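Secondary and tertiary structure notes
These are the residues of each chain, in order.
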Amino acid sequence: YGVGVGPGDPELLTVKALRVIRECDVIAVPGRNPMETVAYQIVREAYPEIEQKELLGIYMPMTKDEQTLQKNHEEGAKVLSRCLDKGKEVAFLTLGDPAVYSTYIYLHKEIQKKGYEVEMVSGVPSFCAAAARLNIGIAEKAEQIHIIPASYQIEEALQLEGTKILMKAGKKLPHVKEQLKDMDASVVMVENCGMKTEHIYYGTEQIPEDAGYYTLLFV
């Protein structure tokens, strides 16, 4: 199972996610030390009994190098396969929703190719949680919504009509901020939505030069 645990607030874990986590023999997370991962810490607040589960850390490097990523995904799938071959059910925790820019989806594909049964459990996406936190709507009537990975080229995407949601800005924030300066658009940035380190910034000028990986902007 690829289990979406939401953006950070443990109260946003779904009933289904908690049921699957309870029922699974093994809890897998993206990281060398499972207990230090954000996904694990979110679930532990809602379900302390997770500490009694067998934990499996799968390292997922932060790189765009395709060869490195492919090798890592294949290795991760092998580790998961060994658990499945023993008849164990595995819940792989992933932030937000497993279908949206998740670390899990690559392992999902590898495991599926090997012939194992896989299932995704939806989680609350970060941009939905952030909109609720801000008490704003993302789109109304015929307005369009565009989900944009901010760590790539964004110039053309920013010219699209409707609401632009820039996800995972992180290290690219200075470049993103520069692109937004000349735009006639309202901008709100949410960092670490639902976590204790949450920050909200209104307007391009308020946006800091650096921010955490879990940063998104509404334009």
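Look above for the structure.
This structure is a prediction, so every number in the text was calculated from the model and none was measured.

**Overview of the overall build of the chain**
Summing up its helical and strand segments, the chain has six helices and 10 strands in all. Its C-alpha atoms give the chain a radius of gyration of 18 Å, near enough to 17 Å, the size a compact globule of 219 residues would have. With respect to the three principal axes, the spread of C-alpha positions in the chain is 55 × 35 × 35 Å. Nonlocal contacts in the chain, meaning residues at least 24 apart in sequence, comprise 66% of its contacts between residues at least 6 apart. About 12,100 Å² of surface is accessible on the chain, with carbon and sulfur atoms providing 48% of the total. Computed over 24 positive and 32 negative side-chain charges, the separation of the two mean positions in the chain equals 5 Å.

**Some details on a nonpolar patch on the surface**
Residues Met62, Tyr213 and Tyr214 make up a contiguous nonpolar surface patch of about 320 Å² in total accessible area. With respect to the helices and strands, Tyr214 occurs in the loop between strand E9 (199–202) and strand E10 (215–218). You can call Tyr214 partly exposed: its relative accessible area is 33%.

**Things to note about the sheet that holds strand E5 (residues 120–121)**
Pairing in this open sheet of five strands is parallel, and the strands run E3-E2-E4-E1-E5 from one edge to the other. If you trace the sheet from one side to the other, it starts and ends with strand E3 (54–58) and E5, each paired once. With three bridges connecting them, strand E2 (residues 26–30) and strand E4 (residues 90–94) associate as parallel partners. Residue pairing in the sheet places Val26 in a bridge with Val90 of E4.

**Focus: helix H1 (residues 15–23)**
Of all the residues in H1, the buried ones are Ala17, Leu18, Val20 and Ile21. Here the buried residues of H1 occupy an arc of 165° about the axis, which is enough to place them on one side. The inward-facing, buried residues of H1 abut strand E1 (2–4), E2, helix H2 (38–46), E4 and E5.

**Some thoughts on the environment of Ala130**
Structurally, the position occupied by Ala130 is in helix H5 (residues 126–134). When the C-alpha atoms of Ala130 and Asn192 are compared, they prove to be 9.2 Å apart, with 62 residues separating the residues in sequence. The contacts of Ala130, once residues within four sequence positions are left out, are Val190, Cys193, Leu216 and Phe218.

**Examining the nonpolar core**
Grouped together as the largest cluster of nonpolar side chains are 19 residues, with contacts concentrated most on Val3, Val5, Ile21, Ile27, Val43, Ile50 and Leu93. Going through the elements one at a time, H1, E2, H2 and E4 are the ones with two or more residues in this core. For Leu93, the residues in contact, after removing those within four places along its chain, are Val3, Val5, Ile21, Ile27, Ala28, Val29, Pro30, Ala39, Tyr40, Val43 and Ile50. Grouped together as the second largest cluster of nonpolar side chains are 16 residues, Ala150, Ala157, Ala169 and Leu217 included.

**Here's the deal with helix H3 (residues 66–85)**
Compared with an ideal rise of 1.5 Å per residue, which puts 20 residues at 28 Å, H3 spans 28 Å between its outermost C-alpha atoms and is within 8% of the ideal. Here the buried face of H3 lies against E2, E3, E4 and helix H4 (104–113). Of the residues trailing H3, Gly87 is marked for its positive phi of about 85°.

**Side note on the pairing of strand E6 (residues 145–149)**
What you see with E6 is a clean split: His146 and Ile148 sit on the buried side and Ile145, Ile147 and Pro149 on the side with no burial. Where E6 meets strand E7 (residues 163–167), five bridges bridge the pair, whose relative direction is parallel. Pairing of Ile147 across the sheet is with Ile165, part of E7.

**Quick word on the sheet that holds strand E8 (residues 188–191)**
Sheets are built from strands paired through backbone hydrogen bonds, the pairs being either parallel or antiparallel. Spatial strand order, E6-E7-E10-E8-E9: five strands in an open sheet with mixed pairing. Two strands lie at the open edges of the sheet, namely E6 and E9, each paired on one side alone. Shown here is a sheet whose adjacent strand axes are inclined to one another by a mean of 15°, direction ignored. Examined bridge by bridge, E8 and E10 share four bridges and lie antiparallel to one another. Directly across from Val190, in E10, lies its bridge partner Leu216. On the sheet, H5 packs against E6, E7, E8, E9 and E10 and is oriented at approximately 65° with respect to E10.

Conventions used here
- Residues numbered from 1 in each chain as written.
- Predicted model: local features only at pLDDT ≥ 70, side-chain atom pairs only at ≥ 80, totals over all residues.
- Heavy atoms only, no water.
- Helix = DSSP H or I, 4+ residues; strand = E, 2+ residues; numbered from the N terminus.
- Rg over C-alpha atoms; globule rule 2.2 N^0.38 Å.
- Contact = heavy atoms within 4.5 Å.
- Areas by Shrake-Rupley, 256 points an atom, 1.4 Å probe, with all protein chains shown as cover.
- Lys, Arg positive; Asp, Glu negative; His and termini not counted.
- Charge placed at Lys NZ, Arg CZ, Asp CG, Glu CD.
- Patch = residues over 30% accessible without salt bridge, like charges linked within 9 Å, V, L, I, M, F, W, Y side chains within 5 Å.
- Salt bridge = Lys/Arg side-chain N within 4 Å of Asp/Glu carboxyl O.
- Buried < 20%, exposed > 50% of the residue type's maximum accessible area, 1.4 Å probe, protein only.
- Pairing = 2+ DSSP bridges.
- Arc of directions from axis to C-beta.
- Core = buried A, V, L, I, M, F, W, Y, C linked by side-chain atoms within 4.5 Å.
- Expected span 1.5 Å × (residues − 1).
- Axes fitted to C-alpha atoms, helices over the stretch in contact; angles between N-to-C directions.

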